[in-house]
Amino acid sequence: MRQFVSFRFWLAIAALIGLTFGLWYVLVRKDDTVTVLGAPATASSRLTLTQAFNSLGTTIAPTLGGILILSEGAPVVANLVKTKAEEAAAVQGPYLVLAAALLALAILFALVRLPKITHAEEEPGVISTVEKSVLAHRHLVLGAIGIFLYVGGEVSIGSFLINFLGESNVASLPAGAAAHYVSYYWGGAMIGRFIGFGVMRYVSPCKALAFNSAASIALILAAIFGSGAVAMWSIIAVGLFNSIMFPTIFSMALHKLGKQTGQGSGILCMAIVGGAVVPFAQGLLADSIGLQWSFFVPAACYTFILYFGVKYAGMYSTK
């Protein structure tokens, strides 16, 4: 029996790994397709809209999962008398629904004729992008660093937000009460992306990125040096200004990569590993100098993003 359970466990782990690789590939193809389908000047606007619906999914999914798995009306009620097998059975229904939805989506994309992506020929005298390494594009390399630091800073703030709101000089909230405010942080990113979709059709993506990163730095510093409601709402408000950063950095980094757009997109998607590294670094700093001061780590991340936005301010405009 133990061997059978072990086999099922590792089979589930293998399935999750396979799902991760599949979703990663979809993310790569989706982002670079959205980037190149249309005018380069509005690429950030298009990608911001897709990210907005992504945020909508991350906002709804946890609540929906709680209703299907943990609520009183779910097939298995989360209480102490249920066996492990019954608890595991509670997730079967939602996973089957998810599998059916992904299958329907795969069939849809197989039947729908998407436009073929082509890249304009490069100017005479310019070295072809095919003849040099994709890493020779400085804006791609800096963009990958920007994605690494952005995802790291965003996840780091979200990870330590409950602990921060529990600080005696901030809000002294218990973990259960503070958890509700985390949804405000992530919800702010969703709202900001819907707003950014319209704004960045008229405002340069580089300027929008520089403004949002500067606002994020100011809010984090207010949270570090402030206290009470000021510190609490300052750190939560960072979520609103996080909104357009990922799609804007992404589209700026892929600008004029031509046939290497897909390869560049893969590099950018791998850079999201910053979401695992930066929170670890902030945790180490929090253990040594205190939680509130440790927020200098995400502030430093946004400082680089500010530099990236300012450096490539003339990359393209919305005109």
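Structure: above.
The rules we used
- Sequence order as written defines the numbering, with residues in each chain counted from 1.
- Two thresholds apply to this predicted model, a pLDDT of at least 70 for residue-level local features and 80 or more for giving and counting side-chain atom pairs, whereas whole-chain, interface and lining totals are computed over all residues.
- As a convention, hydrogens and water are excluded, and side-chain values are obtained from all of the structure's heavy atoms.
- Elements are defined by DSSP. Helices are runs of H or I of four residues or more, strands are runs of E of two residues or more, and each kind is numbered from the N terminus.
- The cut-offs for exposure are 20% and 50% of the maximum accessible area for each residue type, with area from a 1.4 Å probe on protein chains only; residues under the lower value are buried, those over the upper are exposed, and the others partly exposed.
- Whether two residues touch is decided by their heavy atoms; if any such pair falls within 4.5 Å, the residues are in contact.
- The protein chains shown are the only cover counted for residues, whose accessible areas, like all others here, come from Shrake-Rupley with a 1.4 Å probe.
- Axis definition: a line fitted to C-alpha atoms, over the contacting stretch in the case of helices. Angles run 0 to 180 degrees between N-to-C directions.
- Roughly parallel means an angle under 35 degrees; roughly antiparallel means over 145; roughly perpendicular covers 65 to 115; every other angle is labelled oblique.
- Helix span, expected: 1.5 Å multiplied by one less than the number of residues in the helix.
- What makes a nonpolar core is a set of buried Ala, Val, Leu, Ile, Met, Phe, Trp, Tyr and Cys residues whose side-chain atoms join them at distances within 4.5 Å.
- Aromatic rings from Phe, Tyr and Trp, taking only the six-membered ring of Trp, are treated as a pair when their centres fall within 6.5 Å; an angle between ring planes under 30 degrees marks them as stacked, one over 60 as edge-to-face, and anything in between as tilted.

Peer 1: Please explain the overall build of the protein as it appears in this structure.
Peer 2: Across its full length, the protein holds twelve helices and zero strands. For the protein, the sequential pattern of α-helices and β-strands runs α-α-α-α-α-α-α-α-α-α-α-α. Burial statistics for the protein: of 319 residues in total, 40% are counted as buried. When contacts within the protein are restricted to residue pairs at least 6 apart in sequence, those whose partners lie at least 24 apart make up 79%. Surface accessibility of the protein: about 17500 Å² in total, with carbon and sulfur atoms responsible for 71%.

Peer 1: It is not clear to me how the environment of Ile224 should be interpreted in this structure. Could you clarify?
Peer 2: Secondary-structure assignment places Ile224 in helix 7 (residues 205–225). Its relative accessible area of 4% is what places Ile224 among the buried residues.

Peer 1: What is the right way to look at unusual backbone geometry in this model?
Peer 2: Among all residues save glycine, negative phi is the norm, and among peptide bonds the norm is trans. Its identity is not glycine, yet Ser172 carries a phi of approximately 55°, on the positive side. Among the structural elements, Ser172 can be located in the loop between helix 5 (138–165) and helix 6 (175–199). Within the chain, Lys256 stands out as a residue other than glycine whose phi angle is a positive 60°. Inspection of the secondary structure assignment puts Lys256 in the loop between helix 9 (245–253) and helix 10 (261–270). Judged by its relative accessible area of 70%, Lys256 is exposed.

Peer 1: Just checking my understanding: could you explain the packing of helix 11 (residues 274–289) against helix 12 (residues 296–311) for this structure?
Peer 2: To describe two helices that pack against each other, one gives the angle between their axes and the distance between the axes. Remark: helix 11 packs on helix 12, axes separated minimally by 9 Å, with the N-to-C direction vectors making an angle of 140°. By the angle between their directions, the pair helix 11 and helix 12 is classed as oblique. Every residue of helix 12 that contacts helix 11 at Val278, Gln282 and Leu285 is listed here: Val297, Pro298 and Cys301.

Peer 1: Where do I start with helix 8 (residues 228–242) in this structure?
Peer 2: Side chains of residues three or four places apart in an α-helix project in the same direction, reflecting 3.6 residues per turn. The end-to-end C-alpha distance of helix 8 is 22 Å, a good match for the 21 Å that 15 residues give at a rise of 1.5 Å each. When helix 8 is considered as a whole, its buried residues turn out to be Gly228, Ala231, Met232, Ser234, Ile235, Ile236, Val238, Gly239, Phe241 and Asn242. Among the structural elements, helix 5, helix 6, helix 7, helix 9 and helix 12 are those in contact with the buried residues of helix 8.

Peer 1: What is the right way to look at the nonpolar core in this model?
Peer 2: General note: in soluble globular proteins, nonpolar side chains tend to be found buried as a group. Judged by nonpolar contacts, the single largest core of 57 residues is most densely connected at Phe164, Ile220, Ile235, Phe295 and Tyr302. For this core, the elements supplying multiple residues, two or more each, are helix 5, helix 6, helix 7, helix 8, helix 9, helix 10, helix 11 and helix 12. Sort the elements by how many residues they give to this core and helix 5 lands first, with twelve residues. Dropping the residues within four chain positions of it, Tyr302 is found in contact with Tyr150, Gly153, Glu154, Ile157, Ser213, Ser216, Ile217, Ile220, Val238, Asn242 and Met245.

Peer 1: Looking at this model, I keep getting lost on the packing of aromatic side chains. Mind explaining?
Peer 2: Any two aromatic rings considered together are summarised by their centre-to-centre distance and by the angle between their planes. Taken as a whole, this structure holds 13 aromatic pairs when the rule is applied. With centroids separated by 6.3 Å and ring planes inclined at 55°, the aromatic side chains of Tyr150 and Phe246 adopt a geometry described as tilted. On the criterion of sequence distance, the pair formed by Tyr150 in helix 5 and Phe246 in helix 9 is long-range, its members being 96 residues apart. Assessed through its relative accessible area of 7%, Phe246 is described here as buried. Ring centres 5.5 Å apart and planes at 85° place the aromatic pair Phe225 and Trp293 in the edge-to-face group. With Phe225 in helix 7 and Trp293 in the loop between helix 11 and helix 12, this residue pair connects regions lying 68 residues apart in the sequence.

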